[in-house]
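Listed below are the residues making up each chain.
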Amino acid sequence: VSVVFYGNFSAAHGEYQPGRISASLHCISDGGERSSSLGTAPHNLQKLNTQKTIGEINIQYCNNDSYVEPGNFEVTIQALSSTKYSININGRLAFSSDDMLEEALSSAKKKQEEIKLHSKELSKLWTSMRLAERSLPLLHNLFQAAEKECERCICEIQENDEIAEYDVIVKEKYAPIALDKIKVIIPMFLW
């Protein structure tokens, strides 16, 4: 907790009157009772209010080896003269090691289950990939067989086209003769 303060100029005295305050930090219990003062105020962190400097009071709740229990806190300021001040509270949020360990263990167990699930999925994908690799030569053989059959069909169609073309030429050339003969023959049988 840091309290910055300064005094003011007195009209009656015509000079600067430094600010003088005391500050304390208390913990408020659930029943509303205030604890005794908490923390320390190291001398090297304090500054007096003079005509040239602003005063500052710093209260440290604890050292680096301990932590602050959750709760409600109160800063009490008592001014011994006309003083203006502002309060700044600095802190770091930390979690207990037990809570952090439980959370890390829970996270590790979830990740372990995910690894098992992903391992099964990976095994299925690996099997599918191996089957696909084995089917590639079969598909290649089927493709080659289909190409050969396609070539055979093209040759057969060409042969059939040639036969059909020959039949058309023959019909055009010999059809009138055959029809004349048929006309001649038919009247003979009718007689």
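What counts as what
- Residues numbered from 1 in each chain as written.
- Predicted model: local features only at pLDDT ≥ 70, side-chain atom pairs only at ≥ 80, totals over all residues.
- Heavy atoms only, no water.
- Helix = DSSP H or I, 4+ residues; strand = E, 2+ residues; numbered from the N terminus.
- Contact = heavy atoms within 4.5 Å.
- Areas by Shrake-Rupley, 256 points an atom, 1.4 Å probe, with all protein chains shown as cover.
- Pairing = 2+ DSSP bridges.
- Axes fitted to C-alpha atoms, helices over the stretch in contact; angles between N-to-C directions.
- Salt bridge = Lys/Arg side-chain N within 4 Å of Asp/Glu carboxyl O.
- Buried < 20%, exposed > 50% of the residue type's maximum accessible area, 1.4 Å probe, protein only.
- Polar contact = N/O pair within 3.5 Å; in protein donor to acceptor, adjacent residues only side chain to side chain.
- Disulfide = S-S within 2.5 Å.
- Patch = residues over 30% accessible without salt bridge, like charges linked within 9 Å, V, L, I, M, F, W, Y side chains within 5 Å.

A.B. asks: What is the right way to read the overall build of the protein from this model?
C.D. replies: Per the secondary structure count, the protein includes 1 helix and 7 strands. Ordering the α and β elements of the protein from the N terminus gives β-β-β-β-β-β-β-α. Pairs at least 24 apart in sequence give 60% of the contacts found in the protein among residues at least 6 apart. Of the roughly 16,500 Å² that the protein leaves accessible, carbon and sulfur atoms contribute 59%.

A.B. asks: What am I meant to see in the sheet that holds strand β7 (residues 84-88) here?
C.D. replies: By definition, the strands of a sheet pair up through backbone hydrogen bonds, in either a parallel or an antiparallel sense. Ordered by their spatial adjacency, 3 strands build an open sheet running β5-β1-β7, and the pairing between neighbours is antiparallel. Only two strands of the sheet have a single partner each, and these edge strands are β5 (55-58) and β7. Each strand axis lies, on average, 15 degrees off the axis of its neighbour in the sheet, ignoring direction. Looking at chain direction, strand β1 (residues 2-6) and β7 are connected through 5 bridges and run antiparallel. Counterpart to Ser 2 in the pairing with β7 is Asn 88.

A.B. asks: Would you mind going over the pattern of salt bridges with me for this structure?
C.D. replies: Any two side chains of opposite charge can pair, on the condition that their charged atoms come close. The full count for this structure, using the stated rule, is 4 salt bridges. Between Arg 152 and Glu 149 there is a salt bridge, with the nearest N and O atoms lying 2.5 Å from each other. With Arg 152 and Glu 149 both in helix α1 (residues 97-190), this residue pair falls 3 residues apart, about one helical turn. Taking the relative accessible area as the measure of exposure, Arg 152 reaches 41% and is therefore partly exposed. Taking the relative accessible area as the measure of exposure, Glu 149 reaches 38% and is therefore partly exposed. Between Arg 152 and Glu 156 there is a salt bridge; the shortest N-O distance is 2.6 Å. With Arg 152 and Glu 156 both in helix α1, this residue pair falls 4 residues apart, about one helical turn. Within this structure, Glu 149, Arg 152 and Glu 156 form a network of salt bridges that share partners.

A.B. asks: I would appreciate a short explanation of the side chain of Asn 58 in the present structure.
C.D. replies: Checked against the element boundaries, Asn 58 lands in strand β5. What makes Asn 58 buried here is its relative accessible area of 13%. A distance of 3.2 Å separates polar atoms of two side chains, one belonging to Asn 58 and the other to Ser 2. Side-chain polar atoms of Asn 58 contact the side chain of Glu 56, separated by 3.3 Å.

A.B. asks: Just checking my understanding: could you explain the state of the cysteines for this structure?
C.D. replies: Covalently bonding the sulfur atom of one cysteine to the sulfur atom of another cysteine gives a disulfide. Scanning the model with the defined rule gives 0 disulfides in all. Looking at the unpaired Cys 150, the closest cysteine sulfur is the one in Cys 153, lying at 6.7 Å. Taking the relative accessible area as the measure of exposure, Cys 150 reaches 45% and is therefore partly exposed.

A.B. asks: Even after reading the chapter, I still don't get a nonpolar patch on the surface, so can you show me in this structure?
C.D. replies: Nonpolar side chains collect at one region of the surface, where Val 4, Tyr 6 and Ile 54 lie side by side and expose about 240 Å² of accessible area between them. Here Ile 54 is to be found in the loop between β4 (21-28) and β5. Classification of Ile 54 as partly exposed rests on a relative accessible area of 47%.

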